[in-house]
Amino acid sequence: MITKKAKFLRVLNNVYFKKNEPVSIVHFLTNRCNARCSFCFINFDDPNTFKNELDLDEIDKLTKNLGSSLLNVNLTGGEPFARKDIEEIAKLYIKNTTVQSIYVTTNASLPDRVESFAKNIINYDKNIELTFQISIDDMPQEHDRVRKISNLFQNCLDTYQRLKKIDPRVNPVVSITVNHENCENIEKIFEYLTNECEVKSIKCTIVRDEGVYKTPDKKKKKIFEAYSWLTNKINELQKEGKLNNYNTNSLQGKLHNQKDKISWELIKKMYLEPKYISPCHAGSLFGIITAKGLVYPCEILEEKIIGDLRKNDMDFMKIWKGSIAKKTKEFILKTNCNCSYECALTYNILGNWRYQPSLLSSIIKY
């Protein structure tokens, strides 16, 4: 089935016509992290960064008010496994919402905790799909140095291999963030991961200006060249069957695979010279919840807070359909807002008619 808990026609109507409920949410569970990456957007020098996280009771109430079209939640941070109650949080999303997949972004420094989470969650719900985005950005020694955690690279591989053995519904993917630290060494990193480490699922993102991080101007062209090479290489090896980022036997996997290809090409067109290509549906189909319960349309529009969950009795949809949200959506559309933020691009592609022929053709290809 395309949708498992949500009503298919309601989701379809929402995605292509009404666009008034989120299909996907990124929930920053915490800003705490045991890494200190040079390209991180979190301000670790501010002591207030780590205060006032939503507790389980608040998240329970929140998850009962997320609409009826939610298909995916991305649990992230900081390092999401810094919260020992992450399993309880995931179960609240499964119990109280219509999600059918959970995406977890992790530095994989805690293999035991990640493995236990995966096993317990898939046993909790036989229909849920789990994807773990494991961040590896460089060769072993450099990766540990940049992220400032000893033995981190090895823990990443350990986590990847453990997750691969659990269940077909558990999908670990190594994600390379192309940034100013690794852009001149990207080919070597990729070859090492695929040949020496035998990683069979690799995705990539491109670093973006956000929070306290600003991309060095002199590095932008090199970052773009590295990203272009890497996306082309991933696409090439997927065609050869040497990489497999999604289950191409499932409809969702086929669509995701094609979506990535469209997204890569969009980013290449707008990274060096930012420009509008198609409407953004952040604030409509996609949104952000911070660790403190603030709601934003996306990570990039840091000044466009839509609302505070705690000031609205944890009622997300009250905020999402409120006057501030309406003005924010109007701003996004009227200003032709554009960026290279992959999470938002996913739902821009999904909700835009111009990309549907390409997405539909992908279903027939495989």
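Keep in mind that this is a model prediction, so the values were computed, not measured.

Asker: Account for helix 1 (residues 8-18), with residues named and values stated.
Answerer: Within the sequence span of helix 1, burial applies to V11, N14, V15 and Y16. Taken end-on, helix 1 shows its buried residues confined to a sector of 165°, consistent with a single buried face. Across helix 1 from its buried face, at more than 90 degrees, point the exposed residues L9, F17 and K18. Residue K19 follows helix 1 closely and has a positive phi angle near 50°.

Asker: Summarise the sheet that holds strand 1 (residues 24-28); cite the residues concerned and give the values.
Answerer: Sheet architecture is open: 9 strands sit in the order 6-5-4-3-2-1-7-8-9, paired in mixed fashion. In this open sheet, the two strands that pair with only one neighbour each are strand 6 (202-206) and strand 9 (307-308). Of the strand pairs in this sheet, strand 5 (residues 170-178) and strand 6 are connected by 5 bridges, and their pairing is parallel. Paired with S175 across the bridge in strand 6 is K203. Those strands touched by helix 3 (residues 86-96) are strand 1, strand 2 (72-76), strand 3 (101-106) and strand 7 (286-289), and its axis lies near 165° from that of strand 2.

Asker: Tell me about the environment of F81, and name the residues and values.
Answerer: With respect to the secondary-structure elements, F81 resides in the loop between strand 2 and helix 3. Residue classification places F81 among the buried positions, given a relative accessible area of 0%. Note: C-alpha distance between F81 and E330 (249 residues apart in sequence) is 36 Å. Sequence-distant contacts of F81, defined by excluding residues within four places in its chain, comprise I86, V104, T106, L110, R113, V114, F117 and F132.

Asker: Quick rundown of the pairing of strand 6? Include the residues and the values.
Answerer: Regular strands place their side chains on alternate faces of the sheet. With 5 of 5 residues buried, strand 6 lies mostly within the body of the structure. Both faces of strand 6 are covered, namely the face carrying I202, C204 and I206 and the face carrying K203 and T205. Traced from strand 5 through helix 7 (residues 186-196) to strand 6, the parallel crossover comes out right-handed.

Asker: Could you give me a rundown of the state of the cysteines, with the residues and numbers involved?
Answerer: Scanning the entire structure with this criterion turns up 0 disulfides. Residue C298 stays outside any disulfide, its sulfur separated by 5.7 Å from that of C339, the closest cysteine. The cysteine C343 is free of any disulfide, with C339 supplying the nearest cysteine sulfur at 10 Å. Relative accessible area serves as the criterion here: at 26%, C343 is assigned to the partly exposed category.

Asker: Please give an account of the environment of L266 that cites residues and values.
Answerer: Of note, L266 is situated in helix 9 (residues 251-270). Relative accessible area serves as the criterion here: at 5%, L266 is assigned to the buried category. For L266 and S278, which are 12 residues apart along the polypeptide, the C-alpha to C-alpha distance reads 9.4 Å. Discounting residues that sit within four places of it in the chain, L266 has contacts with I277, L345, I349 and Y355.

Rules and cut-offs
Residues numbered from 1 in each chain as written. Predicted model: local features only at pLDDT ≥ 70, side-chain atom pairs only at ≥ 80, totals over all residues. Heavy atoms only, no water. Buried < 20%, exposed > 50% of the residue type's maximum accessible area, 1.4 Å probe, protein only. Helix = DSSP H or I, 4+ residues; strand = E, 2+ residues; numbered from the N terminus. Arc of directions from axis to C-beta. Pairing = 2+ DSSP bridges. Contact = heavy atoms within 4.5 Å. Axes fitted to C-alpha atoms, helices over the stretch in contact; angles between N-to-C directions. Right-handed = clockwise from strand over helix to strand, strands pointing away. Disulfide = S-S within 2.5 Å.

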